Amino acid sequence: GSIDLSAPQTINLTGQGKISVETSDSGNAGSINVTVPTLNLDNGVTLSAKTTGTGTAGQITVKTQKTNLSGGSNIASNTSSTGNAGDITLIATDLLSLTGQGTRISSSTEAGSTGNAGNITIDPPVVDIRDGAGIAVNSLGSGTGGNITLSASNLTLSNNAFISALTRSSGG
């Protein structure tokens, strides 16, 4: 099944929590959909779509005015098998802020996997990435790494912030 989160003002998630959709067989995982004016993820919270089987990991869609990730929080899609990782779409009408070491929006394939990483699409007017936070797609398996599409009027990367696409195999 899918997970749909919505609120009229703010959703605050903190303290190592996890919201995930996963598949370990041939069925596809559900999706995560978040719709709220302000989303705050802090202190290691993860929104995750993952496959360890042949099914596809779910899609993650976040629609906000402001999205703030900090303290090692993540929005992530991953495959460790033959299934493909899901796509991540973040639409913010005002701001996307990523702050702190380990804070990421990412899609990846693990070593030994053959599935493809998902794509990341981000479309806010202001993107502020700081202090070791980042956006990444990577392939450590034989599948292809995903694409990052970032549309912003103002982009700030400071203090070891990053946007990266990495492939460690000849096929990815």
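Residues numbered from 1 in each chain as written. Predicted model: local features only at pLDDT ≥ 70, side-chain atom pairs only at ≥ 80, totals over all residues. Heavy atoms only, no water.

All right, on to the pairing of strand β6 (residues 46-51) then. With five of its six residues buried, β6 lies for the most part within the structure. Relative to β6, strand β3 (residues 18-23) runs parallel, the two sharing six bridges. Residue pairing for β6: Glu22 is matched across the bridge by Lys50. In terms of strand pairing, β6 meets strand β8 (residues 74-79) through six bridges, oriented parallel. (Buried < 20%, exposed > 50% of the residue type's maximum accessible area, 1.4 Å probe, protein only. Helix = DSSP H or I, 4+ residues; strand = E, 2+ residues; numbered from the N terminus. Pairing = 2+ DSSP bridges.)

Here the focus is the side chain of Asn138. Within the element layout of this structure, Asn138 appears in strand β13 (residues 134-139). Judged by relative accessible area, which is 18%, Asn138 ranks as buried. The contact partners of Asn138, leaving out residues within four places of it in the chain, are Ser107, Ser108, Thr109, Ala117, Gly145 and Leu166. (Contact = heavy atoms within 4.5 Å.)

Picture the strands of a sheet paired through backbone hydrogen bonds; they go either parallel or antiparallel. Strand order across the open sheet formed by six strands is β3-β6-β8-β10-β13-β16, with parallel pairing between neighbours. Two strands lie at the open edges of the sheet, namely β3 and β16 (162-167), each paired on one side alone. Between one strand axis and the next, the sheet turns by 5° as a mean value, whatever way the strands run. The sheet contact formed by strand β10 (residues 104-109) and β13 spans six bridges and is parallel. Bridging from a neighbouring strand, Thr109 pairs with Ser139 of β13. (Axes fitted to C-alpha atoms, helices over the stretch in contact; angles between N-to-C directions.)

With that settled, consider the nonpolar core. The nonpolar side chains of soluble globular proteins are, as a tendency, buried together. Ranked by size, the top nonpolar core spans 31 residues in total, and within it Val34, Val62, Ile75, Leu90, Leu98 and Ile105 carry the most contacts. Residue contributions to this core peak at five residues, all from strand β9 (residues 88-99). Discounting chain neighbours no more than four positions away, the residues touching Ile105 are Leu69, Ile75, Ile88, Leu90, Leu96, Leu98, Ile120, Ile122, Gly134, Ile135 and Ala136. (Core = buried A, V, L, I, M, F, W, Y, C linked by side-chain atoms within 4.5 Å.)

What follows covers the pattern of salt bridges. Within this structure, the stated rule accounts for two salt bridges. A salt bridge links Glu22 to Lys18; its shortest N-O distance comes to 3.5 Å. Taking the relative accessible area as the measure of exposure, Lys18 reaches 54% and is therefore exposed. (Salt bridge = Lys/Arg side-chain N within 4 Å of Asp/Glu carboxyl O.)

Let us now look at the side chain of Ser97. Relative to the assigned elements, Ser97 resides in strand β9. If near-sequence neighbours (up to four positions away) are discounted, Ser97 is found in contact with Thr67, Asn68, Leu69 and Asp128.

Turning next to a nonpolar patch on the surface. On the surface, Leu155, Leu157 and Ile163 cluster together into a nonpolar patch covering about 240 Å² of accessible area. Along the chain, Leu157 falls in strand β15 (residues 154-158). (Patch = residues over 30% accessible without salt bridge, like charges linked within 9 Å, V, L, I, M, F, W, Y side chains within 5 Å. Areas by Shrake-Rupley, 256 points an atom, 1.4 Å probe, with all protein chains shown as cover.)

Generally, phi is negative for residues other than glycine and the peptide bonds are trans, each holding for most cases. Even without being a glycine, Asn43 presents a positive backbone phi close to 60°. Relative to the assigned elements, Asn43 resides in the loop between β5 (38-42) and β6. Judged by relative accessible area, Asn43 falls into the partly exposed class, the value being 37%.

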